[in-house]
Amino acid sequence: MKIGIISRNASLYSTSRLVDAGRRRGHVVRVLDPLRCYMRISRGKFDMHYKGRPLAGFDAVIPRIGSSVTFYGTAVLRQFEMMGVYTPNSSDAVLRARDKLRSLQMLAREGIDLPRTVFGDYPDDTVDLLQMLGDPPHVIKLNEGTQGQGVLLAEKRSSSQGMIEAFRGLYANFVVQEFIGEAGGGDLRCFVVGNEVAAAMHRQAPEGDFRANLHRGGKASKVELSEEERSVALRAAAILNLGIAGVDLLRSRRGPLVLEVNASPGLEGIEQATGLDLAGSIIAEVEAGFARLSMA
Ligand code: ADP
Ligand code: MG
């Protein structure tokens, strides 16, 4: 197959692992910087150029679109879809996953449990909004934040109000959640590939923090998931229609809670923690998905 990895930087760990894994499995693999892809749309016809030349003959693309280029990156991905190129994560699914509020709404509708979450716009309503949520501590997060940036803990109602006012002053979209203290600063990253959880790790926040993101200094270790955790992770990815996903779960008193579903989960931490070849699993899934598409 001819496979494109849509990524801004070929030297990123995840990108270069996917390139290697694809080549090892006998494919032609090329990294495509989404910002260097440009496109023409005309009646029933879709073209793409790259650094002055036509891009053609791709069977599949694997999107690794960073949050800073979501809009343009998903437009490029959509153009590939229009050209009949297979992708395990569609442009619509990537866009949905980027929006925490929208994802949580979709997951909750399908019966997935999550930290209770509130969202509101008008300053005069903040007191009642926090009333709807319940007693602090609260977690306030930017709607489109990643890697733990823009995720804050408010221990008191007055701090929640202050942070909300600050975010509003910056015209930022945010959600407010109940703080799940019993998770003890740990979370679970479930790496979903197709119909399987291909790997899972436990991440523990550094001393003094509650955010377990590896970018925030969290420590990763291999973990055995319960049947329920595995099934919640698979259902969450399926509801958002993602073939490749990183589903973050919290272990709570009332069972596993979904925090978010990432459409471009990083490979480095989880491959190191588990010793598994996830890049190889992703390429195998792309082969299978492409075969399904070709038969249809
Ligand atoms: P990001 O997209 O920045 O990773 P997350 O929603 O995944 O945002 O939150 C980052 C981290 O903060 C999580 O991995 C978890 O460790 C911690 N966290 C987030 N929400 C809560 C919550 N409601 N209760 C307890 N810890 C939380
Ligand atoms: Mg996260």
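From a predicted model like this one, the values you see are computed outputs, not experimental measurements.

Draft legend 1. Here's a closer look at the packing of helix H1 (residues 13–24) against helix H9 (residues 278–295). H9 packs onto H1 with a crossing angle of 60° between their chain directions and a minimal axis gap of 8 Å. Here H1 is positioned oblique relative to H9, judged by the angle of their axes. For the pair H1 and H9, the sense of crossing is right-handed. Of the residues in H9, those in contact with Arg-17, Leu-18, Ala-21 and Gly-22 of H1 are Leu-278, Ala-279, Gly-280, Ile-282 and Ile-283. Class assignment of the residues belonging to the contact of H1 with H9 gives a composition of six nonpolar, two polar and one charged.

Draft legend 2. Quick look at the coordination of the magnesium ion (ligand 2). Coordination of the magnesium ion (ligand 2) by the protein is provided by Asp-248 (OD) and Glu-260 (OE), with metal-donor distances spanning 1.9 to 2.5 Å. With Asp-248 in strand E14 (residues 244–252) and Glu-260 in strand E15 (residues 255–262), this residue pair connects regions lying twelve residues apart in the sequence. Assigned by exposure class, Asp-248 and Glu-260 land together as buried.

Draft legend 3. Region of interest: a nonpolar patch on the surface. A cluster of nonpolar side chains, Leu-35, Tyr-38, Phe-71 and Tyr-72, forms an exposed patch at the surface whose accessible area comes to about 430 Å². Its location among the elements puts Leu-35 in the loop between strand E2 (28–32) and strand E3 (37–42). Here Leu-35 falls in the partly exposed class, since its relative accessible area comes to 37%.

Draft legend 4. Region of interest: the sheet that holds strand E10 (residues 174–178). On the basis of which strands lie adjacent, the open sheet formed by four strands has the order E7-E10-E8-E9 and antiparallel pairing. Pairing within the sheet leaves two strands with one partner each, and these edge strands are strand E7 (117–118) and strand E9 (151–154).

Draft legend 5. Expanded view of the domain arrangement of the protein. One can read the domain layout of the protein as domain 1 (2–87), domain 2 (96–112 + 182–265) and domain 3 (117–179). Computed from C-alpha coordinates alone, the two centres of domain 1 and domain 2 are separated by 27 Å.

Draft legend 6. Up close: the site of ligand 1. In the vicinity of ligand 1 there are 24 residues, among which Lys-100, Lys-141, Gly-148, Asp-187 and Asn-213 approach most closely. For ligand 1, a nitrogen atom lies 3.2 Å from a polar atom in the side chain of Gln-177. Here Glu-178 contributes a backbone N or O atom positioned 2.9 Å from a nitrogen atom of ligand 1. Against a free-state accessible area of 550 Å², the protein chains account for coverage of 98% of ligand 1. Those elements that place two or more of their residues in the shell around ligand 1 are strand E8 (138–142), E10, E14 and E15. Looking at which domains feed residues into the shell around ligand 1, each of domain 2 (96–112 + 182–265) and domain 3 (117–179) gives three or more.

Draft legend 7. Summary view of the pairing of E15. Counted residue by residue, E15 has eight buried out of eight residues, so it is predominantly covered. Two elements, E14 and E15, share seven bridges in a ladder whose sense is antiparallel. The partner of Val-247 across the bridge, within E15, is Val-261. In textbook terms, the turn of a hairpin is the stretch between consecutive antiparallel strands, and for E14 and E15 this stretch comprises two residues.

Draft legend 8. Spotlight on helix H6 (residues 157–169). Its 13 residues give H6 an end-to-end C-alpha distance of 18 Å, which sits within 8% of 18 Å, the value for a rise of 1.5 Å per residue. Of all the residues in H6, the buried ones are Ser-160, Ile-164, Phe-167 and Arg-168. Burial along H6 is one-sided: seen end-on, the buried residues are contained in an arc of 100°. Across H6 from its buried face, at more than 90 degrees, point the exposed residues Glu-165 and Gly-169. Buried positions along H6 lie against helix H5 (126–133), E8, E9 and E10. Tyr-171 lies just past H6 and shows a positive phi near 55°.

Draft legend 9. Quick look at the sheet that holds E2. Pairing is parallel in the open sheet, where three strands are placed in the order E2-E1-E6. In this open sheet, the two edge strands, each paired with only one partner strand, are E2 and strand E6 (60–63). Taking the axes of each pair of neighbouring strands and ignoring which way they run, one obtains an average angle of 20° across the sheet. In this sheet, E6 lies alongside strand E1 (residues 2–6) in parallel orientation, the contact comprising four bridges. From the neighbouring strand, Ile-5 faces E6, where its bridge partner is Ile-62. Across the sheet, H1 lies against E1, E2 and E6, angled at about 160° from E2, the strand it touches most. The sheet contacts of helix H2 (residues 70–82) involve E1, E2 and E6, and relative to E6 the element is tilted by about 160°.

Draft legend 10. Here's a closer look at the pattern of salt bridges. This structure, assessed with the given rule, holds 19 salt bridges. The salt bridge involving Arg-24 is made with Asp-277; its shortest N-O contact spans 3.7 Å. Here the residue Arg-24 occupies a position in helix H1, and Asp-277 occupies one in the loop between helix H8 (268–274) and H9, the gap between them amounting to 253 residues. According to the relative accessible area criterion, Asp-277 is partly exposed, its value standing at 33%. Linking Glu-260 and Lys-100 is a salt bridge whose minimum nitrogen-to-oxygen distance equals 3.0 Å. Placement of the pair is Glu-260 in strand E15 and Lys-100 in helix H4 (residues 100–109), with a sequence separation of 160 residues. On the accessibility criterion, Lys-100 (10% relative accessible area) is buried. One connected set of salt bridges, linked through shared partners, spans Arg-17, Arg-24, Glu-271 and Asp-277.

Cut-off values and rules
Residues numbered from 1 in each chain as written. Chains lettered and ligands numbered in written order. Predicted model: local features only at pLDDT ≥ 70, side-chain atom pairs only at ≥ 80, totals over all residues. Heavy atoms only, no water. Axes fitted to C-alpha atoms, helices over the stretch in contact; angles between N-to-C directions. Helix = DSSP H or I, 4+ residues; strand = E, 2+ residues; numbered from the N terminus. Parallel < 35°, antiparallel > 145°, perpendicular 65-115°, else oblique. Left-handed = near helix turned anticlockwise from the far one by under 90°. Contact = heavy atoms within 4.5 Å. Nonpolar A, V, L, I, M, F, W, Y, C, P; charged D, E, K, R; others polar. Donors = N, O, S within 2.8 Å, 3.2 Å for Na, K, Ca; no water. Buried < 20%, exposed > 50% of the residue type's maximum accessible area, 1.4 Å probe, protein only. Patch = residues over 30% accessible without salt bridge, like charges linked within 9 Å, V, L, I, M, F, W, Y side chains within 5 Å. Areas by Shrake-Rupley, 256 points an atom, 1.4 Å probe, with all protein chains shown as cover. Salt bridge = Lys/Arg side-chain N within 4 Å of Asp/Glu carboxyl O. Pairing = 2+ DSSP bridges. Domains from an automatic or database assignment. Near = heavy atom within 4 Å. Polar contact = N/O pair within 3.5 Å; in protein donor to acceptor, adjacent residues only side chain to side chain. Expected span 1.5 Å × (residues − 1). Arc of directions from axis to C-beta.

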